[in-house]
Amino acid sequence: MGALSALAFAPDPFPAWFLPWLQIAGLAFLFYCLLGARHTKQAIYHSLFFGFGHFSTGLYWVFISLHRYGGLAEPLAGGAVALLGLGLAVYLVVFTLLARWLAPYPSDEQAAGLFYNAFVWASAWALVEWLRGTLFTGLPWLNSAYAHVDGFLAGWAPLVGVYGLNWLIGFLACSLALVVRAQGTPNDRSAAFAVLCAAALFIAGWGLQHRQWSQPIGAPLLVRLTQGNIPQSEKFDPQLMQQGLDTYMQLANLPPKTAGAEPELIVLPETVMVLFQDAYPGQVWLRWQSIAKAHQASLLMGAPIKSSSKDDADQSLHYTNSALLVSGDTPLERLFDGQADGRYDKHHLVPFGEFIPAGFRWFVNALNIPLGDFDRGELGQTPFTINDQLVAPNICYEDVFGEEIIAAVRSANNPAKSATILVNISNLGWFGDSFALGQHLQISRMRAIETARPMLRSTNTGMTAAIDPNGAIRAVLPAHSVGVLDVEVQGTSGITPYVQWGNWPVIVWSLLFLLAALARRMRK
């Protein structure tokens, strides 16, 4: 069942409307097994088997990166995916131990407490999911909330974020498991009441979907999103680098699909420039400038940047995975310095791909993957100003971390720097034609819902898309195709409760329930 539930995070092979139900069913099944486990050891086995099937299936595409493009032997790559799945399953074990200890399933003689159980189990589920997304830099991929982008519970996201959704999902799944297990016992009324409360939360989510959390601001922006579909096997090949660059220059320079509707912003994916900025001859940068001049547009492009420290006492070089904003008037010397008209440095780096965790140098040395060690950018960098809009880029899987994305949107201290449009640039060519592309699109949609901001995505192989502030997909290019999306994007302003408060309300709420459960247990 764990492997089946992993299919709930992208609408293939199942349709989008079915994904929330599949995820709830899978989690309710796990909770049902844990509630009925005769002893703790059996419950741990349930958690490990479910978690291993869930994570190793949902993240199988890591094998493609390690073996096909990293050159790691099949047994080693497969073993790495298995260890990853097993390691993430440990979080389910932690949840199991916490939930069963603080709120064990009541016996028939107790005849009460199931409604209380649902609250405690939901709190434990939300807190452990938050820990999974935070500890060791965090890996919240396959967070249960992302299966609900097209479900009624998504209406709660602007209020409570994904971890608040985790609480609601945990409450609903536990209530369903309890009502099935309590049939024919004195506890069935308490379990039925828990299900009714969960249904009310579900219906309230449907109502909240009609609530507007933002309003239009400024004139709409005409944007071109590019997708060159450069195979990962070619992207870093010295013999083919220029060919890939030419592809993106041609896409950026295409005439508008509608006469007179020239794009004001042209977005190119992560590392569209695969070498450091000063490794390219001047004519390459001049070509980009000529494209920007021809369209009277700004170019937002991904590139690795090598730059000197701004601190006079620090003479070392710094290396960042960055997004540059380039116009037709950007001085050439600024481009060679990696400054341009604007620059965003990736804050949340990918372990093993962009930085090497302590003690794992041997593992990275076994791979044939370029771009190993980067410096981290600051959190909440200033958005790019483009006409009436403030555009905040994020790179690759940074949009998996909602608590970091809201830093660009929160305007409590400086409303003039609050982002009105979010842009994700990615290169998922590392993962072939896998679930990763669709899963990442679902994650970006959730960020749009949480922040009430449009989210634009320009990717190398997919999924390149324009997403409305309510999470709806306005336009999308087929994966592994070459093309552009010319879209008109209306920026928005306004702060959702989640942007204002972040994850702290649900963390505190969950901790309070767990502390109350601990106090109750100690009294007994």
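In this text the structure is predicted, and so the values were computed from the model without any measurement.

Draft legend 1. A look at the pattern of salt bridges. Applying the stated criterion to the full structure yields nine salt bridges. A salt bridge links K306 to D278; the nearest nitrogen and oxygen atoms lie 3.4 Å apart. Linking K306 in strand β4 (residues 298-308) with D278 in the loop between β3 (265-267) and α11 (282-295), this pair joins segments that are 28 residues apart in sequence.

Draft legend 2. A look at the confidence of the model for the chain. Averaged over every residue, the pLDDT of the chain is 89; residues scoring 70 or more account for 90%. Of all the helices and strands in the chain, helix α13 (residues 361-365) carries the lowest mean pLDDT, 58, while strand β11 (residues 465-467) carries the highest, 98. Here residues 107-112 is a poorly scored stretch, pLDDT under 50, and it has eleven contacts once near neighbours within four places are set aside; other chains count.

Draft legend 3. Structural context of the packing of aromatic side chains. Summed over all chains, the structure comprises 23 aromatic pairs. Summarising the aromatic geometry, the rings of F119 and W167 are spaced 5.5 Å apart at their centres and angled 65° between planes, so their arrangement reads as edge-to-face. Pair noted here: F119 is in helix α6 (residues 114-132) and W167 is in helix α7 (residues 157-181), with a separation of 48 residues, a long-range link. Take F119 and W167: they sit in the same class, and that class is buried.

Draft legend 4. Geometry of a nonpolar patch on the surface. A contiguous nonpolar patch, built from W504, V508, L511, L512 and L515 and spanning about 530 Å² of accessible area, is present on the exposed surface. By the element assignment, L511 lies in helix α17 (residues 504-523).

Draft legend 5. Highlighting the packing of helix α2 (residues 19-36) against helix α3 (residues 40-58). Running from N to C, α2 and α3 point in directions that differ by 160°, and their axes come no closer than 8 Å. By the angle class used here, α2 and α3 are roughly antiparallel. Between α2 and α3 lies a crossing whose hand is right-handed. Contacts between α2 and α3 involve G26, L30, C33, L34 and G36 from the first element and Q42, A43, H46, S47 and F50 from the second.

Calculation notes
- Residues numbered from 1 in each chain as written.
- Predicted model: local features only at pLDDT ≥ 70, side-chain atom pairs only at ≥ 80, totals over all residues.
- Heavy atoms only, no water.
- Salt bridge = Lys/Arg side-chain N within 4 Å of Asp/Glu carboxyl O.
- Helix = DSSP H or I, 4+ residues; strand = E, 2+ residues; numbered from the N terminus.
- pLDDT = per-residue confidence, 0-100.
- Contact = heavy atoms within 4.5 Å.
- Phe/Tyr/Trp six-rings, centres within 6.5 Å; stacked < 30°, edge-to-face > 60°.
- Buried < 20%, exposed > 50% of the residue type's maximum accessible area, 1.4 Å probe, protein only.
- Patch = residues over 30% accessible without salt bridge, like charges linked within 9 Å, V, L, I, M, F, W, Y side chains within 5 Å.
- Areas by Shrake-Rupley, 256 points an atom, 1.4 Å probe, with all protein chains shown as cover.
- Axes fitted to C-alpha atoms, helices over the stretch in contact; angles between N-to-C directions.
- Parallel < 35°, antiparallel > 145°, perpendicular 65-115°, else oblique.
- Left-handed = near helix turned anticlockwise from the far one by under 90°.

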